[in-house]
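Spelled out, the chains give:
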Amino acid sequence: MHLQRLESINFRNLTGAIEFAPGLNVLYGQNAQGKTAWLEAVYLLATTKSFRTAHPKEVIKHGETEAILRGTVARGTLDKDLQLLITEATKQSFVNGKREAVTRYLGNLDAIAFTADELQIVRGAPEARRRFLDRGLVSTLPSYLGTLAEYGRVLKQKNALLREASNADEPESYFEMLQPWNDQLVTLGTEIHTLRLGYVEKLKAQLKPELFQHEEITIRYKSSLEGRGNLGDYASLLRERLTLRLKNEISIGYSLVGPHRDELEIRVDGYEIAKYGSSGQQRSALLILDLAQLSVYYTMFDEYPVFLIDDIDAELDRERIGILLDYLEGKAQTLVSTSKGWIADRYRARARTICVVAGQATEDEGLNWDLGQHEPALATRIEQASEPVTQPVIQLAETPAPLQAEPLDWLRQDAPAETVPSDEADDEKHRAPF
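Residues numbered from 1 in each chain as written. Predicted model: local features only at pLDDT ≥ 70, side-chain atom pairs only at ≥ 80, totals over all residues. Heavy atoms only, no water.

Q: Lay out the pairing of strand S12 (residues 306-309) with the relevant residues and their values.
A: Here S12 shows no split at all, with Val306 and Leu308 on one side and Phe307 and Ile309 on the other all buried. Examined bridge by bridge, strand S8 (residues 111-114) and S12 share four bridges and lie parallel to one another. Bridge assignment links Ala111 to a residue of S12, and that residue is Val306. The sheet contact formed by S12 and strand S13 (residues 334-338) spans three bridges and is parallel. Its bridge partner being in S13, Phe307 is matched across the sheet by Thr334. (Buried < 20%, exposed > 50% of the residue type's maximum accessible area, 1.4 Å probe, protein only. Helix = DSSP H or I, 4+ residues; strand = E, 2+ residues; numbered from the N terminus. Pairing = 2+ DSSP bridges.)

This is the structure we're talking about:
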């Protein structure tokens with residue numbers, strides 16, 4: 001998989017286009033020039049999601065009403081032209097000029113991003129780890145997106161009914177109305193549980209902790225129903241627990257049972273990494289998980305997704321940078337951003353080095369610089385680039401009908417915090433709604 005070219009129109013402060021090499025690409029420049037924005041544009045073109053914001057309108061250049069990303073992707077002997085049109089309310093996706101639904105668009109270009117925010121996977125709440133699993137599954141099985149979206153819709157409807165029941169004079173009268181929603185949660189929840197469990201087993205087989213550290217890293221999918229009955233018959237157990245907890249759910253007004261409360265357990269030498277791991281161990285663990293996802297993808301499709309590393313020198317030391325880039329060489333197309341000139345200098349012989357100034361990317365001219373030590377030629381370019389640049393918007397041949405809200409949006413939305421009675425504390429410990 002090779003992203004050959006990316007063009008940006010009205011996307012943040014970016015202007016023009018970049019042509020990428022099939023191997024390592026290093027985007028370098030001063031801070032706040034647009035390096036991360038170019039990586040974000042790649043990730044958004046691949047997944048229809050940003051790793052920086054959950055609100056599409058935030059990527060649109062100030063004063064404009066839409067942004068356009070266009071990319072050319074080579075897969076084997078085939079080239080595909082991808083386009084994403086972003087407005088304040090919707091995103092519309094196109095393949096070779098034809099508009100496609102998001103479930104058909106996904107899979108044409110896949111990307112994995114290592115960013116500071118992604119460290120929440122090893123440091124943060126369970127929802128970040130569930131999203132990690134779900135994104136990996138969607139990249140290998142796009143139809144899984146439909147299952148997630150439908151589960152989210154059913155859960156939302158059930159929670160609305162639970163809130164209504166909790167305020168009713170006769171909440172028992174809602175038992176029968178809630179049963180059809182529970183039936184759907186059993187069907188969809190069982191599919192989600194089964195697929196996640198299988199994906200975690202695939203990740204386990206690809207873990208390579210020896211790359212960065214001597215400690216053993218283990219992962220395990222931990223169901224919120226663990227210890228409640230026979231997980232081997234998950235559908236029956238889920239149905240039983242939904243029935244048993246119905247009165248409690250009505251009492252507090254939201255759902256307590258289902259895979260939206262599950263957890264991916266990550267341990268280093270037997271200890272929970274979120275609680276006991278050092279900052280370096282957590283970064284290494286995230287890299288090991290990302291590389292495992294990369295390898296799982298390869299075993300299924302015989303090619304690697306694009307690997308993005310934002311601000312590489314801020315998150316990794318020199319030793320880890322060297323190990324990581326050596327490991328990726330000859331495997332995945334890799335895009336790295338950095339504010340350190342020494343990284344561009346060190347890898348110039350084996351990478352395409354691209355200087356980013358005021359959102360515009362130009363292929364390296366051999367400038368040798370670091371923060372506070374800029375060559376005169378680069379300083380001149382920065383001054384020239386500070387002048388406003390007008391980029392015409394290319395109009396589409398016809399105005400497509402608006403899309404409905406994309407089903408992946410709910411994956412990134414955090415539900416408001418709820419107050420749970422003290423006797424539910426054990427369940428709440430593993431609760432983080434989709």
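Q: Residues and numbers for the sheet that holds strand S10 (residues 263-268), please.
A: Spatially, the three strands line up as an open sheet ordered S9-S10-S11, and their pairing is antiparallel. One side of each edge strand has no neighbouring strand; the edge strands of this open sheet are strand S9 (217-222) and strand S11 (271-272). Bridge analysis of S10 against S11 gives two bridges, and the strand direction is antiparallel. Note that in S11 the partner of Arg267 across the bridge is Glu272. On top of the sheet, helix H4 (residues 126-140) reaches S9 and S10; it is set at about 100 degrees to S10, its chief contact. Sitting on the sheet, helix H6 (residues 175-206) is in contact with S9 and S10, with an inclination near 170 degrees to S9. (Contact = heavy atoms within 4.5 Å. Axes fitted to C-alpha atoms, helices over the stretch in contact; angles between N-to-C directions.)

Q: Help me get a handle on the packing of H4 against helix H10 (residues 279-301), residues and values and all.
A: Orientation of H4 relative to H10, taken along the N-to-C sense of each, is 20 degrees, at an axis distance of 10 Å. With respect to each other, H4 and H10 are oriented roughly parallel. Crossing handedness for the pair H4 and H10: right-handed. Contact residues: Phe132, Gly136, Ser139 and Thr140 in H4; Leu289, Asp290, Gln293, Tyr297, Met300 and Phe301 in H10. For the contact of H4 with H10, the per-class residue count stands at five nonpolar, four polar and one charged. (Parallel < 35°, antiparallel > 145°, perpendicular 65-115°, else oblique. Left-handed = near helix turned anticlockwise from the far one by under 90°. Nonpolar A, V, L, I, M, F, W, Y, C, P; charged D, E, K, R; others polar.)

Q: Tell me about the side chain of Ser284, and name the residues and values.
A: Of note, Ser284 is situated in helix H10. Since its relative accessible area comes to 0%, Ser284 is described here as buried. The contact partners of Ser284, leaving out residues within four places of it in the chain, are Phe212, Gln213 and Arg320.

Q: Describe the sheet that holds strand S2 (residues 17-19), listing the residues and the values that go with them.
A: Spatially, the six strands line up as an open sheet ordered S2-S1-S4-S5-S6-S7, and their pairing is antiparallel. Every interior strand has two partners, whereas the edge strands, S2 and strand S7 (98-100), have only one. Ignoring which end each strand starts from, the neighbouring axes of this sheet average 20 degrees apart. Of the pairings in the sheet, the one linking strand S4 (residues 66-75) to strand S5 (residues 78-87) comprises 10 bridges and is antiparallel in character.

Q: Tell me about the nonpolar core, and please be specific about residues and values.
A: As a rule of thumb, soluble globular proteins bury nonpolar side chains together. Phe307, Ile309 and Leu328 are the most contacted members of the largest nonpolar core, which totals 81 residues. Setting aside residues no more than four positions away along its own chain, Phe307 makes contact with Ile112, Phe114, Asp290, Leu291, Leu294, Leu328, Ala332, Gln333, Thr334 and Leu335. Residues Phe20, Leu84, Ile354 and Ala361 belong to the second largest nonpolar core, which totals 38 residues. (Core = buried A, V, L, I, M, F, W, Y, C linked by side-chain atoms within 4.5 Å.)

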